[in-house]
Amino acid sequence: MVKQSLMQRNNLIRAAVMGANDGILSVSGIVLGVAGATSHTDTILLAGFAGMLAGTVSMAMGEYVSVSSQHDAQEKVRRVQTDALAADYDGEFSYVAEKYVKEGISPHLAKQATEEMMTKNALKTTVRERYGFSLDHELSAGGAALASLISFPIGSILPMVAMSLTPRDMREVATFIAVIIALSITGYAAASLNGANKKRVVLRNVIAGVFTMIVTYVIGSLFR
C-alpha cells in the first residue's frame, strides 16, 4: 500500500470539510425556505432530505470530475515533457539551470544541482520547474468523491435535526443558531488547512450562511 503524502491527505480532509460545509449551508437554506412557507414538519424534512440526496450525489460527482480533470491535465504534461526530454535533453537541462540562476543561485551551484536532480529523475525535475507541480503528489479522485459522499449528508443532518427536535415556535431560531455555530467550525477547519486568516474565513463563511438562510426564509414566507 502506497503511503499518502501530506498534500494527498490534506486534499481528502479538504474535500470532507467542504462537503460538510456545503451540506450545512445548502440544506439549512432549503429547510428554512420551506419553513417560511409552511409549518408542516414532515414537508420541511422531506424537502431537506431531498436536498441532502441531491447535494450528496452532486458534491461527490463534482469532486470526482474536478480531480479527474486535474489528472488528465497532469498526464498531458507528463507526455509532453517526456517527449521534450527525448528530443532536447540539453535544452531542458539549460532551462532548469538558468531558472535557478535567475532565482539567485550561482551558475556553478545551479549547474551542479540541476545535474544531480536530473540524473536522479529528469522528468520529475523538469515538470516541477516548468509547470509547478510534482508527479509524486497526484490526488485521488475516488478518495475526494468518497470524502464528500460521507461528509455532505453528515453536515446536512444538522439543520434537519435542529428543525425537528426543537419546539415549533423556536425551531427557525434554533436552526439559525446551530447552523452559524457549525459554519464557524467548518470555516475554521478550512482556514487551518489552507493556512488562511481564520477570523476572515470564519466571518465569510458565517455571512454566507446568514445571507442564505435569511433570503430563503423570506422567499418562502412569500408563499405562506
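- The name that an unreviewed UniProt entry assigns to the protein is VIT family protein, with the source organism given as Leuconostoc aquikimchii.
- The UniProt entry for the protein carries the following comment under Subcellular location (unreviewed entry): "Endomembrane system".

### Some details on the overall build of the protein
Working step 1: Counting its regular elements, the protein contains seven helices and zero strands.
Working step 2: N-terminal to C-terminal, the α/β element order of the protein is α-α-α-α-α-α-α.
Working step 3: The C-alpha atoms of the protein give a radius of gyration of 24 Å, which is well past the 17 Å a tight globule of 224 residues would have.
Working step 4: For the protein, the spread of C-alpha atoms along the three principal axes comes to 75 × 35 × 30 Å.
Working step 5: Among the 224 residues that make up the protein, the fraction classed as buried is 38%.

### Here's the deal with the pattern of salt bridges
When charged atoms on two side chains of opposite charge get close, those side chains can pair.
Working step 1: One pass over the structure, following the stated rule, counts five salt bridges.
Working step 2: Between Glu75 and Arg78 there is a salt bridge; the shortest N-O distance is 3.4 Å. Here Arg78 and Glu75 lie together in helix α2 (residues 41-87), a separation of three residues that amounts to about one turn.
Working step 3: Where Glu129 meets Arg128, a salt bridge forms, and the shortest distance between an N and an O atom there is 3.1 Å.

### Considering a nonpolar patch on the surface
Working step 1: Taken together, the side chains of Phe211, Val215, Ile219, Leu222 and Phe223 make up a nonpolar region of the molecular surface, amounting to roughly 570 Å² of accessible area.
Working step 2: You can see Ile219 is positioned in helix α7 (residues 198-221).

### Some details on the packing of aromatic side chains
Working step 1: The final tally for this structure, using the stated rule, is zero aromatic pairs.
Working step 2: Across from the ring centre of Tyr188, 5.7 Å away, lies the NZ or CZ of Lys198, which sits over that ring.

### Details of the UniProt feature "transmembrane region" (unreviewed entry) in the protein
Working step 1: This chain's UniProt record puts "transmembrane region" (unreviewed entry) on residues 12-37, 43-61, 139-161, 173-191 and 203-223.
Working step 2: End C-alpha atoms of residues 173-191 are separated by 27 Å, and the span's content is 100% helix alongside 0% strand.

### Considerations on the environment of Ala37
Working step 1: Mapped onto the elements, Ala37 comes out in helix α1 (residues 6-37).
Working step 2: Overall, Ala37 belongs to the partly exposed group, its relative accessible area being 27%.
Working step 3: On a C-alpha basis, the gap between Ala37 and Val218 in space is 8.8 Å, while along the polypeptide they are 181 residues apart.

### Here we look at the side chain of Ser148
Working step 1: Of note, Ser148 is situated in helix α5 (residues 141-165).
Working step 2: Once residues lying within four places of it in the same chain are set aside, the contact partners of Ser148 are Ala15, Met59, Ala60, Glu63 and Pro153.

### A short note on the packing of helix α6 (residues 171-194) against α7
Working step 1: Viewed as axis vectors pointing N to C, α6 and α7 meet at an angle of 150 degrees, and their least axial separation amounts to 8 Å. By the angle between their axes, α6 is roughly antiparallel relative to α7. As for how α6 packs across α7, the hand of that crossing is right-handed. Here Glu172, Phe176, Val179, Ile180, Leu183, Ser184, Thr186, Gly187, Tyr188, Ala191 and Ser192 of α6 come into contact with α7, specifically with Lys198, Val201, Val202, Asn205, Val206, Gly209, Val210, Met213, Ile214 and Tyr217.

### Quick look at the nonpolar core
A general tendency of soluble globular proteins is for nonpolar side chains to be buried together.
Working step 1: Val31 and Met163 are the most contacted members of the largest nonpolar core, which totals 14 residues.
Working step 2: Counting only elements with at least two residues in this core, the list comes to α1, α2, α5 and α6.
Working step 3: It is α1 that provides the largest number of residues to this core, a total of six residues.
Working step 4: In this structure, Met163 is in contact with Val31, Leu32, Ala35, Ile44, Arg171 and Thr175, ignoring residues within four places of it in sequence.
Working step 5: Within the second largest apolar cluster, 12 residues are counted, among which are Ala110, Met118, Ala122 and Val127.

Quick notes on the rules
Residues numbered from 1 in each chain as written. Predicted model: local features only at pLDDT ≥ 70, side-chain atom pairs only at ≥ 80, totals over all residues. Heavy atoms only, no water. UniProt positions renumbered as here; feature names shortened; annotations may be inferred. Helix = DSSP H or I, 4+ residues; strand = E, 2+ residues; numbered from the N terminus. Rg over C-alpha atoms; globule rule 2.2 N^0.38 Å. Buried < 20%, exposed > 50% of the residue type's maximum accessible area, 1.4 Å probe, protein only. Salt bridge = Lys/Arg side-chain N within 4 Å of Asp/Glu carboxyl O. Patch = residues over 30% accessible without salt bridge, like charges linked within 9 Å, V, L, I, M, F, W, Y side chains within 5 Å. Areas by Shrake-Rupley, 256 points an atom, 1.4 Å probe, with all protein chains shown as cover. Phe/Tyr/Trp six-rings, centres within 6.5 Å; stacked < 30°, edge-to-face > 60°. Lys NZ or Arg CZ within 6 Å of the ring centre and 35° of its normal. Contact = heavy atoms within 4.5 Å. Axes fitted to C-alpha atoms, helices over the stretch in contact; angles between N-to-C directions. Parallel < 35°, antiparallel > 145°, perpendicular 65-115°, else oblique. Left-handed = near helix turned anticlockwise from the far one by under 90°. Core = buried A, V, L, I, M, F, W, Y, C linked by side-chain atoms within 4.5 Å.

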